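# A closer look at the structure
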Amino acid sequence: MRIKVLGCYGGNIPGHGMTAFLVNDTLSLDAGWVSGALSLKEQVKVKDILISHSHLDHTCTLPFLIDNNFSAPGFALRIYAIPEVIASMKNHLFNNHTWPDFTCLPNDLTPVLKLVEVEPEKPFEINGLRVRAVHVSHIVPTTGFILEDKKGALAFSSDTGPTERFWEVVNEVKNLKAVITETSFPNELQDLARISGHLTPQALDHELGKLRANVPVYLYGGKPKHLAAIKKQVGALKRRNVSFLVQGRTYKV
Ligand SMILES: [Zn+2]
């Protein structure tokens, strides 16, 4: 599978989009920077979106992606998430106050948006990919995702503090090719990372001790203000297979 990094930061300043990874041109893993990174022609090809949790840095371009393409021929979007996340999007995003409820527009029979609840750890298929949502440990209900095709698998933790089940499931994945996980804060903000359910470089080092496979680990989620400190501290871990995702770059798994 091809993964294009649309955005990979935990906040937004010029040149730094928030979390969104485009898989094989039609599926987005989170939606923090879809309409910010893709042309209208590219946006209309996006059919499916996996949402890990309700936070804005993972969802904020959904309203504009739908609004931009509402009248485009054939445009329809399916959003997949665990029930708690779907409920949050219904209640707080597509609620006819923050933004229109596109699940009944232009009409109930052929809406432009479908919200699909998925069960944690139960595989489902999107366009030839086998997908599983797996709970992680963030401040709101959150899952990572494991995506598999015939050539290999990608595990994305989404936002998380120290967690267990995700790594247990990842360690059982055959043909794991890469892991994407987060490092949001530098070590000196460990207390803030702990209460907000995020990782620092030192916490990341401990988490990676739970990963058995020797595969590339790509990092995202750094808060723009702390990027320099986070990079320096991750470098000091001297883990050769760990690197930072680069916005705009396409990775093959
Ligand atoms: Zn979050």
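Presented here is a report on the structure given in the accompanying data block. Computed from a predicted model, the values in this text were never measured in an experiment.

Rules behind the numbers
- Sequence positions are assigned chain by chain, starting from 1 and proceeding in written order.
- Local features are withheld for residues below a pLDDT of 70 in this predicted model, meaning they are given only at 70 or higher, and side-chain atom pairs are given and counted only at 80 or more; totals for whole chains, interfaces and linings count all residues.
- Note that the side-chain values use all heavy atoms of the structure and ignore hydrogens as well as water.
- Salt bridges are identified by distance alone: a Lys or Arg side-chain nitrogen within 4 Å of an Asp or Glu carboxyl oxygen.
- Helix and strand labels come from DSSP, where a helix needs a run of H or I of at least four residues and a strand needs a run of E of at least two; each type is numbered from the N terminus.
- Burial classes follow relative accessibility: with a 1.4 Å probe on protein chains only, a residue under 20% of its type's maximum area counts as buried, one over 50% as exposed, and anything between as partly exposed.
- Definition used in this section: a nonpolar core is a set of buried Ala, Val, Leu, Ile, Met, Phe, Trp, Tyr and Cys residues joined via side-chain atoms within 4.5 Å.
- Listed donors are limited to N, O and S atoms within 2.8 Å of the metal, widened to 3.2 Å for Na, K and Ca; water is not among them, so incomplete-looking sites are possible.
- Any site counts as irregular unless it has four donors with all angles between 85 and 135 degrees, making it tetrahedral, or four or six donors with opposite ones more than 155 degrees apart and the rest between 65 and 115, making it square planar or octahedral.

## Considering the pattern of salt bridges
Evaluation of the coordinates by the stated rule reveals nine salt bridges. Linking Glu148 and Arg130 is a salt bridge whose minimum nitrogen-to-oxygen distance equals 2.8 Å. Pair noted here: Glu148 is in strand β9 (residues 143–148) and Arg130 is in strand β8 (residues 129–135), with a separation of 18 residues, a long-range link. Look at Arg130 and you get partly exposed, because its relative accessible area is 37%. Across the pair Glu207 and Lys210 runs a salt bridge, and its minimum N-O distance is 2.7 Å. Take Glu207 and Lys210: they sit in the same class, and that class is buried. Three or more residues are tied together by salt bridges with common partners; here these are Glu121, Arg165 and Glu168.

## Quick word on the nonpolar core
Core analysis: the largest hydrophobic core is formed by 55 residues, its most contacted members being Phe21, Leu50, Leu62, Leu77 and Leu147. Ile146, Val173, Leu204 and Leu208 belong to the second largest nonpolar core, which has 23 residues in total.

## Some details on the coordination of the zinc ion
Taken together, the protein donors to the zinc ion comprise His53 (NE2), His55 (ND1), His138 (NE2) and Asp159 (OD), at separations of 2.2 to 2.4 Å. Between the four donor atoms coordinating the zinc ion, the angles at the centre fall across 92 to 165 degrees, so the site counts as irregular. The sequence pattern describing where the donors of the zinc ion fall on their chain is H-x1-H-x82-H-x20-D. With His138 in the loop between β8 and β9 and Asp159 in the loop between β10 (153–156) and α6 (165–172), the pair connects residues that are 21 residues apart, well separated along the chain. In this pair, the class of His138 matches that of Asp159, namely buried.

## Thoughts on the environment of Lys150
With respect to the element layout, Lys150 can be found in the loop between β9 and β10. Note on Lys150: relative accessible area 86%, which makes it exposed. Considering only alpha carbons, one finds Lys150 and Gly221, 71 residues apart in sequence, at a separation of 29 Å.

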